[in-house]
Amino acid sequence: MEKPMLKCAIVDDSTLQRLSIVKLIENHPSLDLIAEYNNAIEAKMGLASTEIDLIFLDIEMPILSGFDLLDDLTNKPQIIFVTGKTKYAFKAFDYDAVDYLRKPISKERFLNAVHKAIVNYKMKNEEGFDDEDFIFVKSNLKKRKVFLNELRYIEALGDYVKLVTEHDALVVLSTMKAFENLLPKERFLRIHKSYIVNLDKVEKYNSKVIELDKEQLPLSRNRKAELVEALAATAK
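Description of the structure in this document.

So, how was this worked out
Residues numbered from 1 in each chain as written. Predicted model: local features only at pLDDT ≥ 70, side-chain atom pairs only at ≥ 80, totals over all residues. Heavy atoms only, no water. Salt bridge = Lys/Arg side-chain N within 4 Å of Asp/Glu carboxyl O. Helix = DSSP H or I, 4+ residues; strand = E, 2+ residues; numbered from the N terminus. Buried < 20%, exposed > 50% of the residue type's maximum accessible area, 1.4 Å probe, protein only. Polar contact = N/O pair within 3.5 Å; in protein donor to acceptor, adjacent residues only side chain to side chain. Contact = heavy atoms within 4.5 Å. Phe/Tyr/Trp six-rings, centres within 6.5 Å; stacked < 30°, edge-to-face > 60°.

### Observations regarding the pattern of salt bridges
In total, this model carries 13 salt bridges according to the counting rule given. Between Asp 58 and Lys 103 there is a salt bridge, with the nearest N and O atoms lying 3.6 Å from each other. Of the two residues, Asp 58 is situated in the loop between strand S3 (54-57) and helix H3 (66-72) and Lys 103 in the loop between strand S5 (99-102) and helix H5 (107-125); the sequence distance between them amounts to 45 residues. According to the relative accessible area criterion, Asp 58 is buried, its value standing at 3%. Take Lys 103: its relative accessible area is 22%, and that puts it in the partly exposed class. A salt bridge links Arg 223 to Glu 226; its shortest N-O distance comes to 3.2 Å. Under the relative-accessibility criterion, Arg 223 is labelled partly exposed at 22%. Through salt bridges with shared partners, a single ionic network connects Asp 12, Asp 58 and Lys 103.

See the structure below:
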């Protein structure tokens with residue numbers, strides 16, 4: 001499946017801040033920058049006739065604030081607030097904000113926020129997700145949705161397991177056996193007593209290790225034949 005391309009706009013009265021966001025957007029494969037506005041009045045006029053999926057929005061701007069702009073928009077896209085102050089954080093989430101980024105924006109925080117927007121977009125547009133494409137896990141007392149096509153591998157950590165995805169890692173109180181039974185066997189394989197791997201993520205392997213995007217995981221000797229057979233099945 002092709003990655004979604006979210007149409008983006010930036011609304012910020014700081015030229016330097018707009019330039020930094022432009023650079024981050026242009027380096028992201030799932031974002032398409034459609035418009036830039038240096039104040040909320042320009043944005044209100046432009047957005048009335050422009051289809052946008054995601055706005056990177058400053059809050060403190062002359063005449064109209066970012067909140068004022070949202071109050072005036074009939075069709076509200078997803079919003080990632082970008083501001084230098086924390087005092088607006090609670091109000092921001094009254095507007096169903098995807099995220100709230102403090103200036104200066106780090107690349108890691110930007111990527112995490114955009115990932116949330118992409119997941120929201122896929123769910124809204126039903127891009128290939130069904131009941132078998134994700135699982136819910138409890139991590140840090142919160143239920144988290146994990147999409148199987150983004151889950152790279154699972155690692156045993158004593159009484160816990162670590163789920164490593166394309167974007168982050170979650171530690172869950174569970175067992176490897178529980179996840180072995182939970183995950184679809186045609187897509188995931190126990191390659192070692194401490195590792196379960198997503199077969200779609202395997203790039204190389206030999207008799208001792210498998211490689212996933214430059215990261216190596218140990219392969220048990222008695223699992224190699226099973227790995228070869230499973231990879232052959234996924235290639236059909």
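### Here's the deal with the side chain of Arg 190
By secondary structure assignment, the location of Arg 190 is in strand S11 (residues 188-192). Note on Arg 190: relative accessible area 15%, which makes it buried. Here the side chain of Arg 190 touches His 192 through a polar contact of 3.0 Å, landing on its backbone oxygen. Separated by 2.8 Å, the side chain of Arg 190 and the backbone oxygen of Lys 193 make a polar contact. Beyond its immediate chain neighbours, meaning those up to four positions away, Arg 190 contacts Met 176, Lys 177, Glu 180, Tyr 195, Ile 196 and Arg 223.

### With respect to the packing of aromatic side chains
Scanning the entire structure with this criterion turns up seven aromatic pairs. Judged by centre distance (5.7 Å) and plane angle (85 degrees), the ring pair of Phe 134 and Phe 136 falls under edge-to-face. Owing to a relative accessible area of 21%, Phe 134 belongs among the partly exposed residues under this scheme. Residue classification places Phe 136 among the partly exposed residues on the basis of a relative accessible area of 48%. An angle of 75 degrees between the planes, with centres 5.8 Å apart, marks the rings of Phe 134 and Phe 147 as edge-to-face. Here Phe 147 lies in strand S7 (residues 142-147) and Phe 134 lies in strand S6 (residues 134-139), a separation of 13 residues in the sequence. Classification of Phe 147 as buried rests on a relative accessible area of 4%. Of the aromatic side chains, those joined through ring pairs into one cluster are Phe 67, Phe 81, Tyr 88 and Tyr 95.

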